[in-house]
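Structural overview
Residue-level listing of the chains:
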Amino acid sequence: MAGIWEHWQDAEGNEIQSCALLTTEAKGAMQELHQRMPVYIAPRDYAAWLDCHSDKTDAADRLLHETAPEYQFYAVDIAVSNSRNEGAELIKPIEK
């Protein structure tokens with residue numbers, strides 16, 4: 001997933017580290033689940049996405065709009081929605 005990160009100082013001089021995951025409009029089968037989806041950066045595009053030495057943003061801009069992973073999704077138990085629950089069993093597909 002694509003993200004951005006920054007280390008900066010606020011007006012009072014406090015050092016702040018911030019980050020965000022980037023999203024875009026849902027495409028393909030993801031539209032059945034939600035109107036947004038994460039921006040996916042393919043491994044072959046990591047260098048273009050992570051290039052912070054160039055002030056040219058064309059390659060990174062292209063990656064934001066060309067995201068098209070083939071997600072696999074399935075129903076899981078509602079327990080996955082509670083942050084107190086942990087364990088691999090939370091992501092096992094439920095029987096329909």
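Report follows, based on the coordinates. In this text, all values refer to a predicted model and were calculated from it rather than measured experimentally.

1. A look at the side chain of Asp10
By the secondary structure assignment, Asp10 is in the loop between strand S1 (3-9) and strand S2 (15-21). Lacking a salt bridge, the buried Asp10 has Arg36 as its closest oppositely charged neighbour, with an N-O distance of 27 Å. A polar contact of 2.9 Å, which involves the side chain of Asp10, links it to the backbone nitrogen of Asn14.

2. Digging into the pairing of S1
Sheet topology places S1 next to S2; 7 bridges connect them, and they run antiparallel. The residue of S2 that forms the bridge with Ile4 is Ala20. Linkage of S1 to S2, two consecutive antiparallel strands, is achieved through a turn of 5 residues, within which Gly13 is found at a positive phi near 90°.

3. A look at the environment of Val80
Mapped onto the fold, Val80 is located in the segment after helix H2 (58-65). The partly exposed category is assigned to Val80, whose relative accessible area is 38%. Note: C-alpha distance between Val80 and Thr67 (13 residues apart in sequence) is 26 Å.

4. Details of the pattern of salt bridges
Applying the stated rule across the entire model yields 1 salt bridge. A salt bridge links Asp45 to Arg44, with the shortest nitrogen-to-oxygen separation between them at 4.0 Å. Taking the relative accessible area as the measure of exposure, Arg44 reaches 71% and is therefore exposed.

5. Observations regarding the layout of surface pockets
Volume-wise, the largest pocket comes out at about 190 Å³. Considering the residues around the largest pocket, the lining is formed by Gly3, Ile4, Trp5, Trp49, Leu50, Asp51 and Cys52. Within the residue set of the lining of the largest pocket, elements represented by two or more residues are S1 and helix H1 (46-50). For the lining of the largest pocket, the leading source of residues is S1, giving 3 residues. When the residues that make up the lining of the largest pocket are grouped by side-chain class, the tally is 5 nonpolar, 1 polar and 1 charged. Approximately 160 Å³ is the volume found for the second largest pocket.

6. Brief notes about a nonpolar patch on the surface
A cluster of nonpolar residues, Leu33, Tyr40, Tyr71 and Phe73, forms a patch on the protein surface that exposes about 360 Å² of accessible area. Mapped onto the elements, Phe73 comes out in the segment after H2. On the basis of relative accessible area, Phe73 is assigned to the partly exposed category, the value being 36%.

Reading the values: the criteria
Residues numbered from 1 in each chain as written. Predicted model: local features only at pLDDT ≥ 70, side-chain atom pairs only at ≥ 80, totals over all residues. Heavy atoms only, no water. Helix = DSSP H or I, 4+ residues; strand = E, 2+ residues; numbered from the N terminus. Buried < 20%, exposed > 50% of the residue type's maximum accessible area, 1.4 Å probe, protein only. Lys, Arg positive; Asp, Glu negative; His and termini not counted. Salt bridge = Lys/Arg side-chain N within 4 Å of Asp/Glu carboxyl O. Polar contact = N/O pair within 3.5 Å; in protein donor to acceptor, adjacent residues only side chain to side chain. Pairing = 2+ DSSP bridges. 1 Å grid on protein atoms, 1.4 Å probe; cavity = no way out; pocket = protein on both sides within 12 Å on 5 of 7 lines; lining within 4 Å. Points joined across faces, edges and corners; volume = space filled by probe spheres on them. Nonpolar A, V, L, I, M, F, W, Y, C, P; charged D, E, K, R; others polar. Patch = residues over 30% accessible without salt bridge, like charges linked within 9 Å, V, L, I, M, F, W, Y side chains within 5 Å. Areas by Shrake-Rupley, 256 points an atom, 1.4 Å probe, with all protein chains shown as cover.

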